[in-house]
Amino acid sequence: MQQDPSTKIFDLLQFGEYGDVNPSVCDSATFTFMQAKTMLDTFQGDAEGCFLYSRHWNPSNKYLADALSAMEGTESAWVTASGMAAITCSILQICNSGDHVVCSLTTYGGTFAFLFNYVKKFNIDVTFVDITNLDLVEQAIRPNTKMIYTESMTNPLLQISDIPALARIANDNNIKLVVDNTFTPMIIAPYRLGAHVVVYSMTKFINGKNDCVAGAICASREFIDSLSDVNAGTAMLLGPALDPLRSSSILKNMHTLHIRMKQHSKNALYLAEKFREYGMKINYPGLPGNKGHQKLAEMMNPEFGFGGLIAIDMVTADRAAKLMEMMEKAGVGYLAVSLGYFKTLFSNSGKSTSSEVPEEIQREMGLSEGLVRFSVGLDNDIENSWQKIKTCLEQL
Ligand code: PLP
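Residues numbered from 1 in each chain as written. Predicted model: local features only at pLDDT ≥ 70, side-chain atom pairs only at ≥ 80, totals over all residues. Heavy atoms only, no water.

### Observations concerning the site of the ligand
Next, step 1: Lining the immediate environment of the ligand, one finds 14 residues, of which Met 84, Asp 180, Ser 201, Thr 203 and Lys 204 sit closest.
Next, step 2: Interatomic distance of 2.8 Å between a backbone N/O atom of Met 84 and an oxygen atom of the ligand.
Next, step 3: Contact distances for the ligand include 2.7 Å between an oxygen atom and a side-chain N or O atom of Lys 204.
Next, step 4: For the ligand, whose free accessible area comes to 390 Å², the fraction covered by protein is 91%.
Next, step 5: Here the shell around the ligand is composed, by residue class, of five nonpolar, six polar and three charged. (Near = heavy atom within 4 Å. Polar contact = N/O pair within 3.5 Å; in protein donor to acceptor, adjacent residues only side chain to side chain. Areas by Shrake-Rupley, 256 points an atom, 1.4 Å probe, with all protein chains shown as cover. Nonpolar A, V, L, I, M, F, W, Y, C, P; charged D, E, K, R; others polar.)

### Regarding the sheet that holds strand S6 (residues 197–201)
Next, step 1: Taken together, the seven strands give an open sheet; going across it, the order is S1-S7-S6-S5-S4-S2-S3, and neighbouring strands pair in mixed fashion. The open sheet has two edge strands, strand S1 (76–80) and strand S3 (125–129), and neither has a second partner. Each neighbouring strand pair of the sheet contributes to a mean axis angle of 20°, computed without reference to strand direction.
Next, step 2: Pairing of strand S5 (residues 176–180) with S6, which is carried by three bridges, proceeds in the parallel orientation. Bridging from a neighbouring strand, Val 178 pairs with Val 197 of S6.
Next, step 3: Against the sheet, helix H3 (residues 83–94) touches S1, strand S4 (145–151), S5, S6 and strand S7 (215–219), its axis set at about 155° to S6.
Next, step 4: Against the sheet, helix H6 (residues 163–172) makes contact with S4 and S5, and its axis sits at roughly 150° relative to S5, the strand it touches most. (Pairing = 2+ DSSP bridges. Helix = DSSP H or I, 4+ residues; strand = E, 2+ residues; numbered from the N terminus. Axes fitted to C-alpha atoms, helices over the stretch in contact; angles between N-to-C directions. Contact = heavy atoms within 4.5 Å.)

### Re the side chain of Thr 107
Next, step 1: On the secondary structure map, Thr 107 appears in the loop between strand S2 (100–104) and helix H4 (109–116).
Next, step 2: Excluding residues within four positions of it along the chain, Thr 107 makes contact with Phe 112, Tyr 149, Glu 151 and Asn 155.

### Concerning the nonpolar core
Next, step 1: Of all hydrophobic cores here, the largest spans 117 residues; its most connected members are Leu 68, Ile 148, Met 202, Phe 275, Ile 310 and Phe 374.
Next, step 2: Looking at this core, you find at least three residues from each of domain 1 (5–254) and domain 2 (258–395). (Core = buried A, V, L, I, M, F, W, Y, C linked by side-chain atoms within 4.5 Å. Buried < 20%, exposed > 50% of the residue type's maximum accessible area, 1.4 Å probe, protein only. Domains from an automatic or database assignment.)

### Remarks on the environment of Asn 384
Next, step 1: Along the chain, Asn 384 turns up in helix H14 (residues 382–395).
Next, step 2: Along the sequence, Asn 384 and Val 332 sit 52 residues apart, while their C-alpha atoms lie 9.2 Å from each other.

### Some points on the domain arrangement of the chain
Next, step 1: Taken domain by domain, the chain holds domain 1 (5–254) and domain 2 (258–395).
Next, step 2: Computed from C-alpha atoms alone, the centre-to-centre distance between domain 1 and domain 2 is 27 Å.
Next, step 3: On the domain 2 side, the residues contacting the 38 residues of domain 1 number 41 residues.
Next, step 4: Summed over both sides, the interface between domain 1 and domain 2 buries roughly 3300 Å², with carbon and sulfur atoms accounting for 69% of that surface.
Next, step 5: Area buried by domain 1 at its contact with domain 2 is led by Leu 158, Ile 187 and Phe 205, which between them contribute 22% of it.
Next, step 6: Here Lys 295 and Asp 162 are joined by a salt bridge, their closest N and O atoms 3.3 Å apart.
Next, step 7: Inspection of the region where domain 1 meets domain 2 yields eleven residue pairs in polar contact (both at pLDDT 80 or more).
Next, step 8: Counting residues per element, the side of domain 1 that touches domain 2 draws most heavily on H4, which supplies five residues. (Buried area = accessible area lost by both parts, 1.4 Å probe. Salt bridge = Lys/Arg side-chain N within 4 Å of Asp/Glu carboxyl O.)

### Section: the state of the cysteines
Next, step 1: Applying the stated rule across the entire model yields zero disulfides.
Next, step 2: Summary of cysteine pairing: Cys 89 is not part of a disulfide, and the nearest cysteine sulfur, belonging to Cys 95, is at 13 Å. (Disulfide = S-S within 2.5 Å.)

### What to know about the pairing of S3
A regular strand carries its side chains on alternate faces of the sheet.
Next, step 1: Looking at chain direction, S2 and S3 are connected through five bridges and run parallel. Directly across from Cys 103, in S3, lies its bridge partner Phe 128.

### Here we look at the packing of helix H12 (residues 317–330) against H14
Next, step 1: Axis separation between H12 and H14 bottoms out at 9 Å; the angle between their running directions is 140°. The angle between H12 and H14 places the two elements in the oblique class. Seen along the crossing, H12 lies across H14 with a hand that is right-handed. Here Leu 323, Met 326, Met 327 and Ala 330 of H12 come into contact with H14, specifically with Lys 388, Ile 389, Cys 392, Leu 393 and Gln 395.
Next, step 2: Within the contact of H12 with H14, the residues separate by chemical class into seven nonpolar, one polar and one charged. (Parallel < 35°, antiparallel > 145°, perpendicular 65-115°, else oblique. Left-handed = near helix turned anticlockwise from the far one by under 90°.)

### Quick notes on the pattern of salt bridges
Next, step 1: Counted by the stated rule, this structure contains twelve salt bridges.
Next, step 2: Put simply, Asp 211 and Arg 246 hold a salt bridge, and the shortest N to O gap is 3.8 Å. Here Arg 246 lies in helix H9 (residues 244–254) and Asp 211 lies in the loop between S6 and S7, a separation of 35 residues in the sequence.
Next, step 3: Note on Asp 211: relative accessible area 38%, which makes it partly exposed.
Next, step 4: With relative accessibility at 30%, the residue Arg 246 sits in the partly exposed group.
Next, step 5: Three or more residues joined by partner-sharing salt bridges are found here, namely Asp 162, Lys 295 and Glu 298.

### Structural notes on the sheet that holds strand S11 (residues 345–348)
Next, step 1: Spatially, S8-S9-S12-S11-S10 is the arrangement adopted by the five strands of the open sheet, whose pairing is mixed. Since the sheet does not close on itself, it has two edges, and those belong to strand S8 (282–283) and strand S10 (334–335), each with one partner.
Next, step 2: Where strand S9 (residues 309–313) lies against strand S12 (residues 371–375), five bridges are found, and the strand directions are antiparallel. By the bridge assignment for S12, Ile 310 is matched with Phe 374.
Next, step 3: Together, S9, S10, S11 and S12 form the strand contacts of H12, whose direction differs from that of S11 by roughly 160°.

Okay, structure coming up:
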């Protein structure tokens with residue numbers, strides 16, 4: 001059977017200078033040179049294999065970046081201190097003052113806030129559209145548009161972006177398609193589907209341990225080199241470099257990502273079916289009949305399933321809060337933001353990770369005030385977890 005391209009990280013031989021199977025951790029901020037000229041060449045980007053300063057590059061960060069490029073099929077990658085750093089650096093690298101961005105109306109609240117509030121100070125204009133309506137996307141493009149920005153599976157409505165179609169629109173207009181693939185690593189490979197830049201919050205599934213925040217940018221060598229350019233690179237100059245100790249631990253966690261994604265997806269599908277049978281309003285792109293199901297099925301690497309995120313509608317914020325408190329007491333998981341953790345996490349998106357989105361826009365995008373988003377964990381006995389949830393629903 002042909003190997004799934006997303007598991008190409010297993011083809012990499014990455015070991016340390018003593019043959020240590022986990023590459024040595026390089027915890028140095030700066031690097032020495034035996035000849036002054038080599039330092040000069042490194043500053044100018046002409047000294048292959050040399051490191052200068054860890055805000056620019058660090059060997060441990062390079063190991064992780066190489067694993068990410070292998071997974072995404074990109075020429076290069078850069079790792080950042082948070083997902084937001086990956087997103088903001090990519091946007092600011094592509095856009096200049098006076099430019100315009102077309103962005104999915106449903107995006108993670110932090111990204112929405114950056115594009116809705118923050119970029120105004122740089123005179124960058126943004127049009128938010130329903131990203132599943134390709135006519136609206138095309139109509140929104142202007143002569144000064146530089147980028148279409150979306151999430152493969154949007155947060156929190158779990159809409160599916162048609163990446164090949166969006167890439168065609170981007171290419172026809174000579175602009176970039178930037179895709180946040182935080183919800184669906186390995187399941188969707190946006191770069192292979194035509195996206196120009198793929199960003200991640202590695203805080204979520206890629207690391208999977210909830211012990212740090214981290215991010216990544218995967219793209220062409222030209223784009224990554226421009227980001228880390230000492231004179232004009234947004235990443236180099238704003239400075240959100242990932243700590244190499246963290247890179248080293250994330251790299252080890254990445255090697256179990258394929259197994260974790262399968263289990264997250266399996267458990268999420270199980271719960272989604274149970275919620276549906278119970279008569280709940282349930283949103284899970286893995287269910288036939290879901291608006292994004294067919295598109296996701298066409299784009300995905302099927303062996304990893306439909307992802308670990310599901311959303312139910314409790315109609316009111318009060319009922320959502322009550323259910324979440326009961327579920328936490330019953331041991332279903334934690335009432336917490338974030339996702340991709342080995343334990344189940346649940347939160348009311350409108351009051352948490354999408355609270356940056358004004359309430360009238362939440363309603364416009366179809367975000368119910370009672371929406372509870374679950375990041376389904378790696379539970380070994382998911383039927384047991386369902387029984388606990390069912391008891392909470394019955395007692396509500
Ligand atoms: N992208 C998505 C889809 C997210 O859900 C989040 C955080 O929740 C981010 C980006 C931001 O990542 P970080 O918190 O690592 O900065």
